[in-house]
Amino acid sequence: MIATDLDGTLLRRDKTVSDRTRAALAAADAAGIEVVFATGRPLRWLRVVEGVPGASTAVCANGAVVADLRPDGHRVTRLRPLDTTAALRVVAALRAVAPGTSFALESTEGMCYDPDYPPLFPDPGAAVGPMEDLLSGAIGPAAARDTGPGGPPTVVKLLAHHSELEPDRFLDLGRGAAAGDADVTRSSPTALLEISGAGVTKASTLAAHCAHRDISPTEVVAFGDMPNDLELLSWAGAGFAMANAHPDVLAATPWHTADHEEDGVAMIIERLLELPAPPPGP
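Fair warning: this is a prediction, and the values are worked out from it, not measured in the lab. Within every chain, residues take consecutive numbers counted from 1 along the sequence as written. Given that this is a predicted model, residues contribute local features only at a pLDDT of at least 70 and side-chain atom pairs are listed and counted only at 80 or more, while totals for whole chains, interfaces and linings are drawn from all residues. As a rule here, side-chain values come from all non-hydrogen atoms in the structure, and water together with hydrogens is ignored.

Caption draft 1: Region of the structure containing the packing of aromatic side chains. Note on aromatic contacts: the rings of Phe and Tyr and the six-membered ring of Trp form a pair at centre separations within 6.5 Å, being stacked when their planes are under 30 degrees apart, edge-to-face when over 60 apart, and tilted otherwise. One pass over the full model with this rule turns up 3 aromatic pairs. Arranged with centres 5.5 Å apart and planes meeting at 20 degrees, the rings of F223 and F240 form a pair that is stacked. Of this pair, F223 sits in strand β12 (residues 221–224) while F240 sits in strand β13 (residues 238–242), placing them 17 residues apart in sequence. With centroids separated by 6.4 Å and ring planes inclined at 45 degrees, the aromatic side chains of F240 and W255 adopt a geometry described as tilted. Of this pair, F240 sits in strand β13 while W255 sits in strand β14 (residues 255–257), and the two are 15 residues apart along the sequence. Chaining the aromatic ring pairs together yields one cluster made of F223, F240 and W255. Where helices and strands are cited, they refer to DSSP runs of H or I of at least four residues and of E of at least two residues respectively, numbered from the N terminus.

Caption draft 2: Structural detail: the pattern of salt bridges. For this document, the term salt bridge refers to a Lys or Arg side-chain nitrogen within 4 Å of an Asp or Glu carboxyl oxygen. One pass over the full model with this rule turns up 18 salt bridges. R12 is paired through a salt bridge with D263; the nearest N and O atoms lie 2.8 Å apart. Taken together, the residues R12 in the loop between α1 (6–10) and α2 (19–30) and D263 in the loop between β14 and α10 (264–272) connect sequence positions 251 residues apart. Under the scheme applied here, a residue whose accessible area is under 20% of the maximum for its type counts as buried, over 50% as exposed, and between as partly exposed, the area being computed with a 1.4 Å probe on protein chains only. Classification of R12 by relative accessible area gives partly exposed; the value is 26%. Residue classification places D263 among the buried residues on the basis of a relative accessible area of 8%. Each of D5, K202 and D229 takes part in salt bridges that share partners, so that together they form one network.

Caption draft 3: The arrangement of the environment of A138 in detail. Tracing the backbone through its elements, the reader meets A138 in the loop between α4 (131–136) and α5 (141–144). Look at A138 and you get partly exposed, because its relative accessible area is 41%. Each C-alpha atom, one on A138 and one on G151, is 6.9 Å from the other, the two residues being 13 residues apart in sequence.

Caption draft 4: A look at the pairing of β13. Within β13, 5 of the 5 residues are buried, which leaves it mostly tucked inside the rest of the structure. Crossovers are described as right-handed under a simple rule: with the strands pointing away from the observer, the path leading from the first strand over the helix to the second runs clockwise. A crossover connection joins β12 to the parallel β13 through helix α8 (residues 230–235); in handedness this β-α-β unit is right-handed. One ladder, built from 3 bridges, connects β13 with β14; its direction is parallel. Directly across from A241, in β14, lies its bridge partner H256. Read as a crossover between parallel neighbours, the route from β13 over helix α9 (residues 247–252) to β14 is right-handed. Here a strand pair is declared whenever DSSP counts at least two bridges between the two strands.

Caption draft 5: Representation of the sheet that holds strand β8 (residues 127–128). Taken in spatial order, the 6 strands of this open sheet run β8-β7-β6-β9-β11-β10, and their pairing is mixed. Every other strand in the sheet has two partners, leaving β8 and β10 (182–185) as the edge strands with one partner each. Bridge count for β10 against strand β11 (residues 192–197) is 4 bridges, and the pairing is antiparallel. Bridging across to β11, D183 finds its partner in S196. Note on definitions: a residue-residue contact is assigned when non-hydrogen atoms from the two residues lie within 4.5 Å. Here, axes are lines fitted to C-alpha atoms. For helices the fit covers the stretch in contact, and angles between N-to-C directions go from 0 to 180 degrees. Contacts from helix α3 (residues 84–97) reach β6 (102–107), β9 (155–161), β10 and β11 within the one sheet, and its direction differs from that of β9 by about 5 degrees. Contacts between helix α6 (residues 167–178) and the sheet are confined to β9, β10 and β11, with β10 contributing the most and set at about 180 degrees to the helix.

Read these as geometric descriptors, not functional statements.
Printed below as a string of structure tokens:
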């Protein structure tokens, strides 16, 4: 199996998959090697890999969702949500240790934001209000469809943003605040935390996926670049850090490859399959 992150790893800066990488993934697929996209992105943001050779399975939202990407539709095959009671405790703890933190949540019903949360992309259908009310179901997408409160949402991922703290300092505070209730990581260059259920990581979800297919960790080659890839790279038989990776990721594994702009994932696949290197560009 090849398990690869997307942003900063498989995708170039313009969020495309290069021809060289497509060819390498097609060769892996033809050789009977399963390709899994392991990403922090939600399922709805995976159109960037539509039509990519070997695109059949995605581990999304840092392990909270497993989806079948084949043409019959983006069907969710496994969901590992964050308990809303635990999420409320994490929100309270983070507000206490990092005043000024704002929150968003990705749920199966839709996106929700604190009023002062800066959304990465416009989402006209998002519910906006205090996160405590959103998590309780007093307001939110589910409530909007009914005559009364819709009940607590099914939380795929909780997001926390801070406009002033250094990203790794915020990560340390978040992990301390969420200890025992959730897993906290980050993949953004900004102070944006991604909060999942306790024990939910790309690695733990992929491990279950592989066990179902009788694939051992030693048969997995993984690629990543940010702290949300650390567990995956440590679990896989060979975990490759991109040259552009976070310093902690580079330090965590002896296997490194080229920058994502230089098709570092494709380089390793070509080497594993003993493929001839493509001719240099013009």
